[in-house]
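What follows is the residue order along each chain.
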Amino acid sequence: MTKTNLARTLREPAELVAEHLAPASALPALERVAARYAVAITPALVELIDTSDPDDPIARQFVPSANELEMQPGENADPIGDHPHSPVAGIVHRYPDRVLFKLVHVCAVYCRFCFRREMVGPGKESALSDSAYRAAIDYIQSHHEIWEVILTGGDPLMLSPRRISEIMTDLAGIDHVKIIRLHTRVPVADPTRISDEMVAALKVEGATTWVAVHANHARELTGPARDACARLVDSGIPLVSQSVLLRGVNDNIAALSDLMRAFVECRIKPYYLHHGDLAPGTAHLRTTLAEGQDLMRQLRGRVSGLCQPDYVIDIPGGAGKSPVGPNYVLAEQNTAADAGEAGAETRYRIVDYCGDVHLYPPET
């Protein structure tokens, strides 16, 4: 594999062809994809792509495909229903004690499965206006049930450390906001942005900062990415993970195990494994729920409890996340009714990680 040492992000299909990330024959279709959905692949991620492998799991996440032009029934520009829960620009208030605060609509890299792919990238509003920002802060201030603010977008760490510091200070100044969580791909996509200045900007008196790091394959957690995560953890900022279950990327037990172990090695607690959302043009990357549940059963029996994420689905239309992992309680039987004994305890059938069934409480 031979690649140029890139100094800039690739944004045009012709650049992808020039770097051997896509065949020249695909250029017309990729230009149609790029006209609708943003394209950006940072040098850090280009370096990871094996151009000799047509099924490379890194390329599959970031290099556009003609499959994205195919819409399937049920796919939706707002697949998780942000809009119905947005009382003011930039705010999504779906759950009582927390809000999403969408500060920017740009990312370091654009994932081909993004559920906000219709809302992010060049040509979209890049950031909240000053008046919209103040209205969002006022909304958070006036809703005393809000305990946590989740900074998202786009990627909030595309903002400068100075601007991040201002936002963190504004939020921490609201008495009832105790947790500020940032969701980001920057430690993986552009590790150099996690500078000492950025780390300092993320720490603020009056609230606790958490960072959720998005990665979907263990190869994304390179040496520089691990160093970036270490700078955050060593400063006292706890990290959790978020990943998406993706066909051809991490939908086998070896890849999923390696990813979760890599997170834990980086002191990142596995948090969410998302089932793929019904975003337009993403059917080729989605698995079935049954496949995801089977992988979670295998993961439970294969790796440490530290490595277990919650497998969740965002219910289309805005009803929120629900856990959809396997059910280990198959059935229950009331032994009092069966035996005719007053006060006998309900007994459950519990499945272990090998698939064997056990009664609980055990028979005596």
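Residues numbered from 1 in each chain as written. Predicted model: local features only at pLDDT ≥ 70, side-chain atom pairs only at ≥ 80, totals over all residues. Heavy atoms only, no water.

1. Notes on the environment of Lys203
Piece 1. Tracing the backbone shows Lys203 in the loop between helix H8 (196–202) and strand S5 (208–214).
Piece 2. Residue Lys203 is classed as partly exposed on the basis of its relative accessible area of 41%.
Piece 3. Excluding anything up to four places from it in sequence, Lys203 contacts Thr209, Ser235, Gly236 and Ile237. (Helix = DSSP H or I, 4+ residues; strand = E, 2+ residues; numbered from the N terminus. Buried < 20%, exposed > 50% of the residue type's maximum accessible area, 1.4 Å probe, protein only. Contact = heavy atoms within 4.5 Å.)

2. Concerning the pattern of salt bridges
Piece 1. Counted by the stated rule, this structure contains 19 salt bridges.
Piece 2. Ionic pairing is found between Arg8 and Glu15, a salt bridge with its closest N-O pair at 2.6 Å.
Piece 3. In this structure, Arg162 and Glu166 form a salt bridge, with 2.8 Å as the shortest nitrogen-oxygen distance. With Arg162 and Glu166 both in helix H6 (residues 161–172) and 4 residues apart, this pair spans about one turn of that helix. (Salt bridge = Lys/Arg side-chain N within 4 Å of Asp/Glu carboxyl O.)

3. Re the sheet that holds S5
Sheets are built from strands paired through backbone hydrogen bonds, the pairs being either parallel or antiparallel.
Piece 1. What the 9 strands build is an open sheet, ordered S1-S2-S3-S4-S5-S6-S7-S8-S9; its pairing is mixed. Each edge of the sheet is formed by a strand with only one pairing partner; in this case those strands are strand S1 (91–95) and strand S9 (320–323). Recorded for the sheet is a direction-independent mean angle of 30° between the axes of neighbouring strands.
Piece 2. Pairing analysis gives 4 bridges linking strand S8 (residues 310–315) to S9, with the strands arranged antiparallel. Looking across to S9, one finds that Asp314 is bridged to Lys321.
Piece 3. In this fold helix H5 (residues 130–142) packs onto S1, strand S2 (98–102) and strand S3 (148–152), with an angle of close to 175° to the strand it touches most, S2. (Pairing = 2+ DSSP bridges. Axes fitted to C-alpha atoms, helices over the stretch in contact; angles between N-to-C directions.)

4. Considering the packing of aromatic side chains
Piece 1. One pass over the structure, following the stated rule, counts 2 aromatic pairs.
Piece 2. Judged by centre distance (5.8 Å) and plane angle (20°), the ring pair of Phe101 and Tyr133 falls under stacked. Of this pair, Phe101 sits in strand S2 while Tyr133 sits in helix H5, and the two are 32 residues apart along the sequence. With respect to class, Phe101 is no different from Tyr133; both count as buried.
Piece 3. We note Arg98 situated over the ring of Tyr95; from NZ or CZ to the ring centre the distance is 4.1 Å. (Phe/Tyr/Trp six-rings, centres within 6.5 Å; stacked < 30°, edge-to-face > 60°. Lys NZ or Arg CZ within 6 Å of the ring centre and 35° of its normal.)

5. Side note on the packing of helix H10 (residues 253–265) against helix H11 (residues 289–302)
Piece 1. In contact at an axis separation of 10 Å, H10 and H11 are set at 55° when each is read in the N-to-C sense. Put simply, H10 runs oblique to H11. As H10 runs across H11, the sense of the crossing is right-handed. Taken together, the residues of H11 that come into contact with H10 (itself represented by Ile253, Ala254, Leu256, Ser257, Met260 and Arg261) are Leu295, Gln298, Leu299 and Arg302. (Parallel < 35°, antiparallel > 145°, perpendicular 65-115°, else oblique. Left-handed = near helix turned anticlockwise from the far one by under 90°.)

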